[in-house]
Amino acid sequence: MNIRESLESDKEGIRKVHQNAFSQAEGETASQLAIDLLEDRAALPFLSLVAEQDNEIIGNIIFSSASITGAEGVSAYILSPLAVLKFAQSKGLGTQLINQGLEVLKDRGGKIVLVYGDPNYYIRTGFKAGHKLKPPQKLSYPEEAWMAQELVGGILANTQGIVQCASSLNSPEQW
Ligand SMILES: CC(C)(COP(=O)(O)OP(=O)(O)OC[C@H]1O[C@@H](n2cnc3c(N)ncnc32)[C@H](O)[C@@H]1OP(=O)(O)O)[C@@H](O)C(=O)NCCC(=O)NCCS
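Reading guide: rules and limits
- Residues numbered from 1 in each chain as written.
- Predicted model: local features only at pLDDT ≥ 70, side-chain atom pairs only at ≥ 80, totals over all residues.
- Heavy atoms only, no water.
- Helix = DSSP H or I, 4+ residues; strand = E, 2+ residues; numbered from the N terminus.
- Rg over C-alpha atoms; globule rule 2.2 N^0.38 Å.
- Buried < 20%, exposed > 50% of the residue type's maximum accessible area, 1.4 Å probe, protein only.
- Contact = heavy atoms within 4.5 Å.
- Areas by Shrake-Rupley, 256 points an atom, 1.4 Å probe, with all protein chains shown as cover.
- Lys, Arg positive; Asp, Glu negative; His and termini not counted.
- Charge placed at Lys NZ, Arg CZ, Asp CG, Glu CD.
- Near = heavy atom within 4 Å.
- Polar contact = N/O pair within 3.5 Å; in protein donor to acceptor, adjacent residues only side chain to side chain.
- Nonpolar A, V, L, I, M, F, W, Y, C, P; charged D, E, K, R; others polar.

J.: Give me the lowdown on the overall build of the protein, citing residues and values where you can.
T.: Helix and strand counts for the protein come out as four helices and eight strands. Rg of the C-alpha trace for the protein: 15 Å, near the compact-globule value of 16 Å for 175 residues, within the 12% margin. Counting over 175 residues, the protein shows a buried share of 49%. Pairs at least 24 residues apart make up 69% of the contacts formed inside the protein by residues separated by at least 6 positions. Summed over all atoms, the accessible surface of the protein reaches about 8,900 Å², with 48% contributed by carbon and sulfur. When the 15 basic and 20 acidic side-chain charges of the protein are each reduced to a single mean position, those positions are 4 Å apart.

J.: Explain the environment of P136 residue by residue, including any values.
T.: For P136, the location among the structural elements is in the loop between β6 (133–134) and β7 (146–150). Between the C-alpha atoms of P136 and D40, which are 96 residues apart in sequence, the distance is 17 Å. Among residues more than four places away in sequence, those in contact with P136 are W146, V163, C165, N170 and W175.

J.: Break down the site of the ligand for me, with residues and values.
T.: Inspection of the region around the ligand gives 18 residues, with V84, S90, G92, G94 and T95 positioned closest. Within the backbone of V84, a nitrogen or oxygen atom sits 2.9 Å from an oxygen atom of the ligand. Taking D118, its side chain carries an N or O atom lying 3.0 Å from a nitrogen atom of the ligand. In isolation the ligand offers 890 Å² of accessible surface; the protein chains occlude 67% of this area. Among the secondary structure elements, those contributing two or more residues to the shell around the ligand are β4 (76–84), α3 (93–107) and α4 (119–122). Its residues placed into classes, the shell around the ligand shows eight nonpolar, seven polar and three charged.

Below is the structure:
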């Protein structure tokens, strides 16, 4: 298994991963979101990693660029979507994709990474609620699902504002 940045030619494989991993309706939304983000100039600079095994894409994670109104100089990213093919789940791949992504973003000067998802899963890779960054849309899940992680020590305590995400991620049904 190899983790690398995705290429233009990986789009079909990426779509399939999200369709397979999520339930049917969610799969359509998540796979479309992944493709839209890869084509969204407002998401740049994004980081899209794929896990590949025997020439098949078995996992994908996308971190798209976000800005913070009130903290304009702080480089931030939103993690979404993340999926691993059903047969490859629970073997640590999701965790590897997250950790590798965080390392690359840190090397590229990223300061904060946000995620809106299941706290029971994301807490394992260092995401926490209770920060001072407001989401781009009204949340349909409890606030604990809106988590952040700092890539530079102390930055979350000193940063507040409203997160503005790429347009593909900015529709109320994503939140
Ligand atoms: C979530 C997902 C990416 C995790 O990938 P993975 O490769 O299976 O993750 P890991 O192997 O690193 O971790 C697996 C562990 O996370 C747990 N887990 C998976 N989803 C979870 C969730 N939503 N809440 C809590 N725990 C979760 C598994 O039960 C497993 O626990 P175990 O280690 O005690 O067996 C994968 O399950 C998936 O694609 N799910 C469908 C899409 C999805 O929900 N994406 C995330 C949106 S927030």
